[in-house]
Structures are given as C-alpha cells and as structure tokens.
Amino acid sequence: MSKKTINHLISTVVPLPTENVDTDQIIPARFLKATTRLGFGENLFRDWRYDNAGRPKPDFILNNPEFKGSILVAGKNFGCGSSREHAAWALLDFGIEVVVSSFFADIFKGNALNNGLLPIQVSDAFLASIFEECAKDKDIKLEISLEAQTIKISSTGLTETFEINPYKKSCLINGNDDIDYILEQKELIEEFEKSKLY
C-alpha cells in the first residue's frame, strides 16, 4: 500500500451542514459489490449528487465548482447508520482527507482512522463558526496540525484542539496501517521471542 501520511494540512473546505448523515447516504448499499477500495468516490453521496437520469444536481455542494478542497465539514452526527467501511473508502477515493464534525458515529470514526481518513471532532460552537465563515467566503481555509492536534480557521485565527487516539495519530503521521505498524516492530518481536524461556 502507498504510504500516504497526514500531519499538517491547509485546505479550502466543502461545507455540508446537514446533520445525521448516515453511511447509506455517503455510499448507497447498491454500490458495495466491488472487491477493491478504488472507484467508490464516483458514487460518493450518489443519490444526493445525481438525479434518476444520472445528471448532476446543480444545487448539491459536491457539484458546485466554487467549493473544492480536501476537507469536508459536516453537520452533527456524521457517519451514523450501518458499519460499512466503504463510507471511508468513498470519501478518500473522492479526495477527502479530513472530515470535521461536532460528533461522529463510533464505528465510522474507527473505520476512518483505520483507513487513513482523519475525523476531527470539534465543539458545536467551533463548527458553527466554520459554517458562518463559509457563508461569507467560499475560499476560507482550515489549517490542521495533527501533531499539535489543532484546527484553525485561517481567516479569523480561531483555533481549537481535538482529541485522537495516540496510536492512530502515530499511524496517520507515519502512513501506517495496523499491519505496517506490526512490521515496524519486527526486531522487537524477534528479540522478545528469543528471550522467552520454554
């Protein structure tokens, strides 16, 4: 697998203020038959992005060329519903590296972290501030430091810290998944095996 890392990121945002976005809206069940992680981005938010004839809906944010970026800012309770890992795959395949919300479903959050997608949970007030700035200026940027665990609205300087599991933080910064991490500990594992008394 490629060693894609996340540490320091500055990007414009895609604002999606809808609350309770479930995984079936992120990637509908009928698109889960693929056996690889590639290609899911094409059907990200499929039923919101396209009409029944497959034409893009101009009023949906992902179809608006004025809003581009690798950070999706979503309403509260993002990723609820079923546990499908494909939701994280679809976001990543579309080019989203970070999702910001004031609450994530636990299973979605775990799937995101396991696949190299950074979910940043902020306060309701900070989330509202991001949406307010987006309404004023479509080109606002967020600055994220995973190492410092901070997120900042560049235009105002408003900054908030966020929590993340230390192990998952290390994996994201180093571009590792669980297997990569274990392989990096190979020498320590071998030393431990040699030291065991049978």
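Preceding block: the structure.
Please read these numbers as outputs of a predicted model, since none were measured by experiment.

Reading the values: the criteria
Residues numbered from 1 in each chain as written. Predicted model: local features only at pLDDT ≥ 70, side-chain atom pairs only at ≥ 80, totals over all residues. Heavy atoms only, no water. Helix = DSSP H or I, 4+ residues; strand = E, 2+ residues; numbered from the N terminus. Buried < 20%, exposed > 50% of the residue type's maximum accessible area, 1.4 Å probe, protein only. Areas by Shrake-Rupley, 256 points an atom, 1.4 Å probe, with all protein chains shown as cover. Core = buried A, V, L, I, M, F, W, Y, C linked by side-chain atoms within 4.5 Å. Contact = heavy atoms within 4.5 Å. Polar contact = N/O pair within 3.5 Å; in protein donor to acceptor, adjacent residues only side chain to side chain. Salt bridge = Lys/Arg side-chain N within 4 Å of Asp/Glu carboxyl O. Pairing = 2+ DSSP bridges. Axes fitted to C-alpha atoms, helices over the stretch in contact; angles between N-to-C directions. Parallel < 35°, antiparallel > 145°, perpendicular 65-115°, else oblique. Left-handed = near helix turned anticlockwise from the far one by under 90°. Nonpolar A, V, L, I, M, F, W, Y, C, P; charged D, E, K, R; others polar.

A. Seen up close, the overall build of the protein. Helix and strand content of the protein: 8 helices and 7 strands. Burial statistics for the protein: of 198 residues in total, 43% are counted as buried. Surface exposure of the protein reaches about 10,700 Å², of which carbon and sulfur atoms provide 52%.

B. Inspection of the nonpolar core at higher detail. Membership of the largest hydrophobic core comes to 28 residues, with the highest contact counts inside it found for Ile26, Phe45, Leu72, Phe78, Leu91 and Phe108. Every element with two or more residues in this core is listed here: strand S1 (8-16), strand S2 (71-74), helix H3 (86-94) and helix H4 (106-114). With 5 residues, the top contributor of residues to this core is H3. When near neighbours in sequence (up to four residues on either side) are disregarded, phenylalanine 108 contacts Ile26, Phe78, Gly79, Ala87, Ala88, Leu91 and Leu117. By size, the runner-up hydrophobic cluster in this structure holds 25 residues, among which are Val100, Leu127, Ile130 and Leu142.

C. Main features of the environment of threonine 23. Looking at the element boundaries, threonine 23 is found in helix H1 (residues 23-26). Along the backbone, threonine 23 and serine 82 are 59 residues apart, and their C-alpha atoms lie at a distance of 6.1 Å. Contact partners of threonine 23, with chain neighbours within four places excluded, come to Gly79, Cys80, Gly81, Ser82, Arg84 and Ala87. One polar contact links threonine 23 to serine 82, side chain to side chain, over a distance of 2.9 Å.

D. Spotlight on the pattern of salt bridges. Under the counting rule described, the total for this entry stands at 7 salt bridges. Aspartate 51 is paired through a salt bridge with arginine 55; the nearest N and O atoms lie 2.9 Å apart. Here aspartate 139 and lysine 138 are joined by a salt bridge, their closest N and O atoms 4.0 Å apart. On the basis of relative accessible area, lysine 138 is assigned to the partly exposed category, the value being 34%.

E. Looking closely at the sheet that holds S1. Taken in spatial order, the 7 strands make up an open sheet running S4-S3-S2-S1-S5-S6-S7, and their pairing is mixed. With one partner strand each, in any of the chains shown, strand S4 (118-121) and strand S7 (159-161) form the two edges of the open sheet. For this sheet, the mean angle separating the axes of adjacent strands, direction not counted, is 25 degrees. Sheet topology places S1 next to strand S5 (residues 141-145); 5 bridges connect them, and they run antiparallel. Along S5, the bridge assignment pairs serine 11 with leucine 142.

F. Broad picture of the environment of glycine 110. Looking at where glycine 110 falls in the secondary structure, it is placed in helix H4. Exposure remark for glycine 110: the relative accessible area of 27% places this residue in the partly exposed category. Sequence spacing of glycine 110 and lysine 168 is 58 residues, and the spatial spacing of their C-alpha atoms is 9.4 Å.

G. How the structure looks around the packing of H3 against H4. One way to put it is that H3 packs onto H4 with a least axis distance of 8 Å and a crossing angle of 50 degrees. If you check the angle between H3 and H4, you find them oblique. In the crossing of H3 with H4, the sense of the turn from one axis to the other is right-handed. Counted together, Ala87, Ala88 and Leu91 of H3 and Phe108, Asn111 and Ala112 of H4 form the full contact between these two elements. Per-class residue counts for the contact of H3 with H4 are 5 nonpolar, 1 polar and no charged.

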